Amino acid sequence: MIAGTQTSMAAHGGIRRQIAGVDVAELAHEYGTPLYVYDAAMIRRRCEDLSAWDTIRFAQKACSNLAVLGLLRRLGVMVDAVSAGEIHRALAAGYSPHAPRAAAADGLPAVHPIVYTADIFDRESLDAVVTHGLHVNCGSSDMIEQLAERMPGASITLRVNPGFGHGHSQKTNTGGEGSKHGIWHADIADVLRRAEWAGLSVSGLHMHIGSGTDLAHLAEVAGALERIAGEIGRSLTTISAGGGLPIPYRPGEEHADLSGYFTLWDATRRKLEDRFGHRIRLEIEPGRYLTAESGFVVTEVRAVKRQGAKPYILVDAGFNTLARPVLYGSYHPMSLCPRDGVSREEGLPQEEVVVGGPLCESGDIFTQSDGGFVATRALPKAAVGDLLVIEIAGAYGFVMASNYNSKPLPAEVLVEDGRARIVRRRQSVEDLVRGETV
Ligand code: LLP
């Protein structure tokens, strides 16, 4: 279990020559820039941190490359899917649609390898759920009848909005009246009647109050879940604490003490087991925690200039590559890899610079705070041709990239045991216009 003392592994404002033992310059030379690089060992380490939980269910929306999903599957991690596309990805990565028939040896109920979690069924996702017979976590009560009609007698999980939430940004807070997510806690009795009427049984209860929050807020969820579990009663066999685990992005921030968090949830589970007289499976559903620190964006510096007194570095990645800074004012550590990998030494004078991308939009700035205010970052003095590495970009990075300004999506590379392999080729300009007609 992780201690509360581990600081970020990022090279804040320094020189970085390697990622997971592979030269940054070589990666850029071999695969081009901008490029996403993932370190498999870091993903493995983050899974081990959570080994106390019965089930780690990866919220693949954070990083859904098939190679990452395949790695997690081999590590025994289950997966969450929020769309027909994510269901397709989970199956393509080798996840089985069905829970094993027998209960686990430890007496816990069988686990669903893939769970569809959403607040609606669009028509494609309902078809995919029915075709593969997937377990569903319902975030709106209308989903109950829609599912019952197509999968009579199914068991479901209810995602409940406990009436409070918290996230690193208002945009990632998923609880309270200001959030569209989940079934409102006070409506639970009604919803249970609806499920019974539709012939569905409720076997799971899930709460997720937001992303990038803190353990103090997350801890409040356990009590709320216990109360709702009492209303559901003995049909309940699985509870999920949702995701939201924080990770350190800024210098000096530390990993949270997850052992205390597990103990709290384990106690909740045990109380429910005593009350219902059977075992309850305890799940956690992180996205960011498992992949954020494994991911790097390697970009090339293409221009160095001053606007009046303000120095700018412009790189070949923009908010089309990594959207978190423009969307939330998110902070990502950055480091520099000198052009030929060796020419300039550590201890170079740092400079406070603005880092921007290639897009025709002023908001295309990586160094900005919430609200779009342009900030600066201390970085070693850069020259055209140097590589800038944007770190802790493995969660909500590639998955939120776009083709804005008709920029092809970057390539993705996974480094395992010191070897890099391409796990998604760079889009071509032909890919960009595929399906369009003149
Ligand atoms: N479970 C559910 C139902 C979720 O909606 C989410 C995230 C997670 C789990 C995983 O949360 P995590 O452990 O990653 O915090 N694009 C934003 C984050 C959006 C999160 C959406 N839902 C960002 O870049 O910070």
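To start, this report covers the structure provided alongside it. (Residues numbered from 1 in each chain as written. Predicted model: local features only at pLDDT ≥ 70, side-chain atom pairs only at ≥ 80, totals over all residues. Heavy atoms only, no water.)

A look at the packing of aromatic side chains
Piece 1. With the rule as written, the count across this model stands at six aromatic pairs.
Piece 2. Each ring, one from Tyr36 and one from Tyr38, has its centre 6.2 Å from the other, and the planes form 20°; the classification is stacked. Grouping residues by exposure puts Tyr36 and Tyr38 together as buried.
Piece 3. Ring geometry for Phe319 and Tyr404: centres 5.6 Å apart, planes at 20°, overall stacked. On the criterion of sequence distance, the pair formed by Phe319 in the loop between strand 14 (310–315) and helix 11 (324–328) and Tyr404 in the loop between strand 20 (387–390) and strand 21 (411–416) is long-range, its members being 85 residues apart.
Piece 4. Residue class for Phe319 comes out buried when judged on its relative accessible area of 15%.
Piece 5. With relative accessibility at 34%, the residue Tyr404 sits in the partly exposed group. (Phe/Tyr/Trp six-rings, centres within 6.5 Å; stacked < 30°, edge-to-face > 60°. Buried < 20%, exposed > 50% of the residue type's maximum accessible area, 1.4 Å probe, protein only. Helix = DSSP H or I, 4+ residues; strand = E, 2+ residues; numbered from the N terminus.)

Quick look at the site of the ligand
Piece 1. Neighbouring the ligand are 19 residues, the closest being His168, Ser211, Glu285, Arg324 and Tyr396.
Piece 2. Measuring from an oxygen atom of the ligand, one finds a backbone N or O atom of Gly244 at 2.8 Å.
Piece 3. Between Arg288 and the ligand, the recorded distance is 2.8 Å, taken from a backbone N or O atom to an oxygen atom.
Piece 4. Relative to its free-state accessible area of 580 Å², the ligand is covered by the protein chains to the extent of 92%.
Piece 5. The cavity where the ligand resides is the largest pocket.
Piece 6. The residue inventory of the shell around the ligand, partitioned by class, reads five nonpolar, nine polar and five charged. (Near = heavy atom within 4 Å. Polar contact = N/O pair within 3.5 Å; in protein donor to acceptor, adjacent residues only side chain to side chain. Areas by Shrake-Rupley, 256 points an atom, 1.4 Å probe, with all protein chains shown as cover. 1 Å grid on protein atoms, 1.4 Å probe; cavity = no way out; pocket = protein on both sides within 12 Å on 5 of 7 lines; lining within 4 Å. Sits in = over half its atoms within 2 Å of the grid points. Nonpolar A, V, L, I, M, F, W, Y, C, P; charged D, E, K, R; others polar.)

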